[in-house]
Amino acid sequence: MPELTKVVLTSLLSAAVLFLIAKVLGHKQVAQLVDYITGITIGSIAAELATELENPLKPLTAMTVYGAIGITLSFLSCKLPRTRKYINGTPTILMDNGKLYRENLKKAKLELSELMMMCRQLGYFNLNDIQTAVFEYNGRLSILPVSDKRPVNPADMQLSPSPASICTEVIMDGRVMGDNLRRMGLNDKWLAKQLAAQGYSSPKEIFLGVCDRNHQLTLFP
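Calculation rules
- Residues numbered from 1 in each chain as written.
- Predicted model: local features only at pLDDT ≥ 70, side-chain atom pairs only at ≥ 80, totals over all residues.
- Heavy atoms only, no water.
- Helix = DSSP H or I, 4+ residues; strand = E, 2+ residues; numbered from the N terminus.
- Buried < 20%, exposed > 50% of the residue type's maximum accessible area, 1.4 Å probe, protein only.
- Contact = heavy atoms within 4.5 Å.
- Areas by Shrake-Rupley, 256 points an atom, 1.4 Å probe, with all protein chains shown as cover.
- Lys, Arg positive; Asp, Glu negative; His and termini not counted.
- Charge placed at Lys NZ, Arg CZ, Asp CG, Glu CD.
- Pairing = 2+ DSSP bridges.
- Arc of directions from axis to C-beta.
- Axes fitted to C-alpha atoms, helices over the stretch in contact; angles between N-to-C directions.
- Core = buried A, V, L, I, M, F, W, Y, C linked by side-chain atoms within 4.5 Å.

Visitor: Talk me through the overall build of the protein chain; I want residue IDs and the actual numbers.
Guide: Helix and strand counts for the protein chain come out as nine helices and eight strands. For the protein chain, the spread of C-alpha atoms along the principal axes amounts to about 75 × 60 × 30 Å. Expressed as a percentage of the 221 residues in the protein chain, the buried residues total 29%. The contacts in the protein chain between residues at least 6 apart in sequence include a share of 51% that link residues at least 24 apart. When the accessible surface of the protein chain is totalled, it reaches about 14800 Å², and 58% of it is carbon and sulfur. Positive and negative side-chain charges in the protein chain, numbering 24 and 19 respectively, have mean positions lying 7 Å apart.

Visitor: Please provide a residue-by-residue account of the sheet that holds strand S5 (residues 168-172), values included.
Guide: The strand order across the open sheet built from four strands is S6-S5-S7-S8, with neighbouring strands paired in antiparallel fashion. The outermost strands of the open sheet, each flanked by one partner alone, are strand S6 (175-176) and strand S8 (217-220). Pairing of strand S7 (residues 208-211) with S8, which is carried by four bridges, proceeds in the antiparallel orientation. Considered in S8, the bridge of Gly209 is made with Leu219.

Visitor: Tell me about helix H7 (residues 112-121), and please be specific about residues and values.
Guide: Among the residues of H7, Leu115, Met118 and Cys119 are the ones counted as buried. Considered in projection along H7, the buried side chains sweep an arc of 100° and stay on one side of the axis. In H7, the exposed residues that point more than 90 degrees away from the buried face are Ser113 and Gln121. Against strand S1 (92-96), strand S2 (99-100), helix H6 (102-107), strand S3 (130-135) and strand S4 (141-145) lie the buried residues of H7. Positive backbone phi, approximately 95°, marks Gly123, located one or two places after H7.

Visitor: Help me get a handle on the environment of Ile206, residues and values and all.
Guide: With respect to the helices and strands, the residue Ile206 is situated in the loop between helix H9 (188-197) and S7. It is 9.6 Å that separates the C-alpha atoms of Ile206 and Val176, two residues lying 30 residues apart in sequence.

Visitor: So what's going on with the sheet that holds S4? Residues and values would help.
Guide: Spatially, the four strands line up as an open sheet ordered S2-S1-S3-S4, and their pairing is antiparallel. In this open sheet, the two edge strands, each paired with only one partner strand, are S2 and S4. Bridge analysis of S1 against S3 gives four bridges, and the strand direction is antiparallel. Residue Met95 lies in a different strand from S3, and its bridge partner there is Ala133. Along the sheet, H7 contacts S1, S2, S3 and S4; its crossing angle with S4, the most-contacted strand, is approximately 65°.

Visitor: Now, about the nonpolar core: what can you tell me, with residues and values included?
Guide: Core analysis: the largest hydrophobic core is formed by 14 residues, its most contacted members being Leu94, Leu110, Cys119, Ile130, Leu141 and Ile143. Those elements giving two or more residues to this core turn out to be S1, H7, S3 and S4. Setting aside residues no more than four positions away along its own chain, Ile130 makes contact with Met95, Cys119, Tyr124, Ile143, Leu144, Pro145 and Val146. In this structure, Val170, Ile171, Leu217 and Leu219 belong to the second largest nonpolar core, which totals 12 residues.

Visitor: Residues and numbers for the environment of Asp156, please.
Guide: Position of Asp156 among the secondary structure elements: in the loop between S4 and S5. Given a relative accessible area of 42%, Asp156 falls into the partly exposed group. Ignoring sequence-local partners within four residues, the contact set of Asp156 consists of Arg150 and Pro151.

Visitor: Quick one: what's the story with the pairing of S3, residue by residue and with numbers?
Guide: Burial runs high along S3: five of the six residues are buried. Examined bridge by bridge, S3 and S4 share five bridges and lie antiparallel to one another. Residue pairing across strands places Phe135 opposite Leu141, the latter belonging to S4. Turn length for the S3-S4 hairpin, with the two strands adjacent in sequence and antiparallel, is five residues, and the turn residue Gly139 shows positive phi of about 90°.

Below, the structure is given as structure tokens:
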């Protein structure tokens, strides 16, 4: 069997073993599988390629195989939704309506102390404040607070605030971003007037200037 064929087969075998190990270890490792393949593993092979002077085709072939595996997994996840639960796993409900699900904790490979830590990291120090806790396939915890503990929003107060908008940079490091000004329907004269109104004589005095769609200019000298 040609040497390069052996490299291809051993690369596929190592990727399969990596996938099985990640599956056994749980959600957090499965979610990072593609990162392992495209990052740590390829980086290690790249280091070998840099020092392999006699037969560089072997590590180059292995890098190509691992890269192809990463691309294939990403493609399958995007184009074939049914494969996602096998590649990434599925979300797991760990707590709902005040009840902890021990079997789901075991399934997610999580200790109770780990769950408590993740809750605290999200600002929940009292489990009574949690309606539902879901362990996502990417290894992160999502929490739905009980209704009387969630933050107040404008709808609760029967308010209708104006839609928020992304601010546009019009001055960066003392330089006027002319294209951004014109895109917003503004010009240098408008900018100079706004600068003067806020006590500045030149854009060079401004480190950052941003403007929203209501033409409200915020300056950071």
